[in-house]
Each structure stands twice: as structure tokens, then as C-alpha cells.
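Analysis of the macromolecular model
As a plain string of letters, each chain reads:
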Amino acid sequence: MSLTDDNTPAPPPTDVTTALRAYRGGLRTSLSTDAVTVLQSMRAYPSISLLANTRPGRRPGRDDVATLRRLAAEAATRLSDEQIEDREILVDMLSDMTSRAADEPANRAIALFVSPSHQCRVTLPVPVVDRCVIDPTFATRDLVRALQHAPRHTVLLLSFDEARLLHGHGSRLTPAPGNAFPAYRRTYGAHGGAAAERYVDFLRGVDRALGAALRLNPMPLVLVAAEPTGSKFRRLSRNMSRFAGLVTGNHLKTPPERLGELVRPVLADYLRSRTLEALDLIERRERENCVLRDIDSAWAAARWERPEMLAVEEDYFYPARLAPDGDGLIPAHDVDHPDVIDDVVDELIEIVLGRGGWIALLPSGRLPEGTHLALTLRRRR
């Protein structure tokens, strides 16, 4: 099952040879929650992840390509040392993906993912630690971090008598799917102005349509409206749980590029508030004895308790072996050994997300000295 350009899984090939026949250069996949979820659901050994920084531009720089090739060579050496069957096919895939990536537009980083049945490449808007990871699962932590730094969001453009809904990702804004928007206030009825739709009724109708849209695509909401329309809508709306902020002014006719520039600082403030929200939640759960601050207890609790939120420093990596009982962790320094999980933190993130929790990736130093993560648990009822 490879990811197509619209993130739709293709039928899985039956073996590595079939995968090679079906291989189409490691399909370029857009960064999205769906794409990350699909990658996190894949389990096969070896699952190879190459992550490398690149210089934004029409194509990666020469040094960037050299880094990718070095990481691909590292993967080839490890596959050879482990005597992986069909390793030559996997190495050929990596080599081809690296060559293709060298001729395509680059952002701040690139991720290549290859396993016996899954291949794709993703460009990232955030820097990474250059590395090769070979595990039973793909290394998706940097994709999760990239989604946090450039989250998908909804933009509601609102005026006295018109509403439009846009979906944003990075710097792109496109009309939201569905036929509920654009919405217009009815200004004249069958018998003239007396039957015109009341202003407050129009806003309530917009809010109902917004609620339906957010249930299908839950995202942070940026409201763009002149005053007092913006404040009035916020007071009556039932869909402010993920309100990111307000851009004041009537921008229904503003070009998307300019609108994106106005929305960007609002989203940046929202992301900073999520960091503060995570730290505040840790403090509150600490008083309830519902916080775990070390990797061993967090690893066990994430699977057996009810994880609520995992806050972890962006540069914290933890290679380890599973203990014989399957529940404990044994720190490891021989990362290249096939028994070692290259990064338990990446696995922990996937577990917490899979069990309905949320992730806060924090800059180094935001957690108390000597700790690198904190897992909060839902309160017992």
C-alpha cells in the first residue's frame, strides 16, 4: 500500500518483488493528518525512514543531496549487516527516491519512507535531525511536529450579510468543501424588506453550518470580521472550543495571499498558547497525581492507563530495547542493532495519538530540569 498524491492508500502488493514492480518512484505525499495517520498505521520490518535537512528552493542543494545519499548508504549497510532478505530491492528503491528528490522543489527538510510494501516521500516546513531509522514502524515524530508548526486551520470570513469558509494549510487557503458556504443573509422577502432575515438569525445559521463543517474537519478556527460583527459572533457561537484568534476587518474580497499573511501571526500566537496550555495542564494534573515524568513509567502508562497529553522536548531521543516482559525498557547505545528501537519517543507519540491523546512538542528547556517529557492521565471518575 503506497500513498497516492491525494493520500489514498493503494492496494498492498503481496511481496517485495511485486512492490518493486508497482513502485513509482516513492510517491510524493502532501503533509497532512491523514497522511501521518496512514504512515503510523504501517507495521513491517524493516521500515526505513530517512530524514534530512534541505535548503528551500527549486531543488535541494548539493550538500543536502550528499546527506541523503550518506543516509541511504547507512541504511544499505545496516540492511546488509542484518542479512535482510530482498535488501537489494529496498536499497534500489532508496537510491531511486534520493535521485528523484534531488530534482524536485525542496522545503526545510525531506523524509523518505520505504518498507517492503510502502514507499513515499514528504517535504517538511521544519528542520530535523539528519538520521536514518530502521524499525518495525516509520519515524513520524517530525511529521507530527511539522503539523503542529503549520497546522491545518479553518478561516471564517464574516460580514453583516455574507460568510465564506476556507481551509488553510501552510500559506495556502482554499474554499472549504460542501455547499453550505458561501452563505448570504436574506435581505428581501416575498413581501419586501419586512421579511428580511434578522442579522442575529443569519449569524446563528452561519454558526450551525460552521459546526457541521468543523465536525467533519476539526481544526483551529480563525475568525475574520469587522467589529462589532466579530465580537457578536463569538458571543453567540457554540463552536469556539478551538478558536485560534480574530483578524479584524472586512476581508471578503482580500486576495488569498494577503489573507494568509494576516492569518499567520494569529496562528503563531495560537501555537504559543498551546504550549502554555500544555504546561498549565501538567501543573493541574500534578496536583492530582496524574503526571508521569520519566520514559519508563510513561511507556507503561500510555498503554495501560488513559493517556491525555504527552509533552516532550523536540530534541529528546531515547533508543532502547523492550524488556523480556514486553512492558519495560532497557536503554541501548548500539542503535544499529535490529533488537533496538531507534527512538522510543516516536513510538510513544504514536501510542498516545492512537489512544485519543494529544501531543505538545516543546522547545528544549521548557520542562523542569532533568526531565524531558511529561505524560498526563485523564482523571479517574
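The numbering scheme is per chain: residues are counted from 1 as the chain's sequence reads. Since the coordinates come from a predicted model, pLDDT governs what is reported: local features require at least 70, and pairs of side-chain atoms require 80 or more to be given and counted, while whole-chain, interface and lining totals use all residues. No hydrogens and no water enter the side-chain calculation; it runs on all heavy atoms of the structure.

1. Regarding a negative patch on the surface
- The grouping of Glu85, Asp86, Glu88 and Asp92 at the surface amounts to a negative patch.
- Only runs of H or I of at least four residues qualify as helices and only runs of E of at least two qualify as strands under DSSP, and these elements are numbered from the N terminus. Within the secondary structure, Glu85 is located in the loop between helix H3 (62–81) and helix H4 (87–101).
- The rule is simple: take the accessible area with a 1.4 Å probe, protein chains only, and divide by the maximum for that residue type; under 20% is buried, over 50% is exposed, in between is partly exposed. According to the relative accessible area criterion, Glu85 is exposed, its value standing at 66%. Like charges within 9 Å and nonpolar side chains (Val, Leu, Ile, Met, Phe, Trp, Tyr) within 5 Å are joined into patches, using only residues over 30% in relative accessible area that form no salt bridge. Using a 1.4 Å probe, accessible areas were evaluated by the Shrake-Rupley method; residue-level cover was limited to the displayed protein chains. The salt bridge definition used is simple: a Lys or Arg side-chain nitrogen within 4 Å of an Asp or Glu carboxyl oxygen. Only four residue types enter the tally: Lys and Arg on the positive side, Asp and Glu on the negative side; His and the chain ends are excluded. By convention, the charge on Lys lies at NZ, on Arg at CZ, on Asp at CG and on Glu at CD.

2. Points about the nonpolar core
- Throughout this description, the term nonpolar core refers to a set of buried Ala, Val, Leu, Ile, Met, Phe, Trp, Tyr and Cys residues connected via side-chain atoms within 4.5 Å. Core analysis: the biggest nonpolar cluster contains 45 residues, and Leu124, Leu143, Ile295 and Leu348 have the highest contact counts within it.
- Pairs of residues are marked as contacts when any of their non-hydrogen atoms sit within 4.5 Å. If we ignore the near neighbours within four places in the chain, the residues touching Leu143 are Leu31, Val36, Leu39, Ala111, Phe113, Val122 and Leu124.

3. Observations concerning helix H6 (residues 199–216)
- Multiplying 1.5 Å by the residue count of a helix minus one yields the expected span of that helix. Compared with an ideal rise of 1.5 Å per residue, which puts 18 residues at 26 Å, H6 spans 26 Å between its outermost C-alpha atoms and is within 8% of the ideal.
- Summarising the contacts, the buried residues of H6 are in contact with strand S6 (153–158), strand S7 (162–169), strand S9 (183–184), strand S10 (221–225) and helix H7 (229–236).

4. Quick look at the side chain of Asp346
- Tracing the chain through its elements places Asp346 in helix H10 (residues 344–354).
- We note that Asp346 is buried and unpaired, the nearest opposite charge coming from Arg141 at a distance of 4.6 Å.
- Beyond its immediate stretch of four places on either side in the chain, Asp346 contacts Phe138, Ala139, Thr140 and Arg141.

5. Describing unusual backbone geometry
- Residue Pro46 is reached from Tyr45 by a cis peptide bond, and omega for that bond is 5 degrees.
- Residue position: Pro46 is located in the loop between helix H2 (33–41) and strand S2 (47–53).
- Going from Phe181 to Pro182, the amide bond is cis rather than trans, its omega being 5 degrees.
- The phi torsion at Gln83 lies on the positive side, around 55 degrees, for a residue other than glycine.
- Within the secondary structure, Gln83 is located in the loop between H3 and H4.
- Phi is positive for Asp86, which is not a glycine, with a value near 60 degrees.
- Mapped onto the secondary structure, Asp86 falls in the loop between H3 and H4.
- The exposure class of Asp86 is partly exposed, given its relative accessible area of 32%.

6. Regarding the environment of Leu271
- If you trace the backbone, Leu271 turns up in helix H8 (residues 256–287).
- Taking C-alpha positions, Leu271 is 25 Å from Lys232, a pair spaced 39 residues apart along the chain.
- Apart from residues lying up to four places away in sequence, Leu271 is in contact with Gln148, His149 and Pro151.

7. Quick word on the packing of aromatic side chains
- Whether two aromatic rings pair depends on their centres lying within 6.5 Å, for rings of Phe, Tyr and Trp, where Trp uses its six-membered ring; planes under 30 degrees apart make the pair stacked, over 60 edge-to-face, and the rest tilted. Enumeration over the complete set of coordinates arrives at three aromatic pairs.
- Taking 4.6 Å as the distance between ring centres and 20 degrees as the angle between the ring planes, the aromatic pair formed by Phe160 and Tyr199 counts as stacked. Taken together, the residues span a long stretch of sequence, with Phe160 in the loop between S6 and S7 and Tyr199 in helix H6 at a distance of 39 residues.
- Centroid distance Tyr316 to Tyr318: 6.3 Å. Interplanar angle 45 degrees. Geometry classified as tilted. Neither Tyr316 nor Tyr318 differs from the other in exposure class; each is buried.
- Whether a charge lies above a ring is judged from NZ of Lys or CZ of Arg, which has to be within 6 Å of the ring centre and within 35 degrees of the ring normal. Over the face of the ring belonging to Phe317 we find Arg141, whose NZ or CZ atom lies 4.3 Å from the ring centre.
- Sitting above the plane of the Trp358 ring, Arg274 keeps its charged end 4.3 Å from the centroid.

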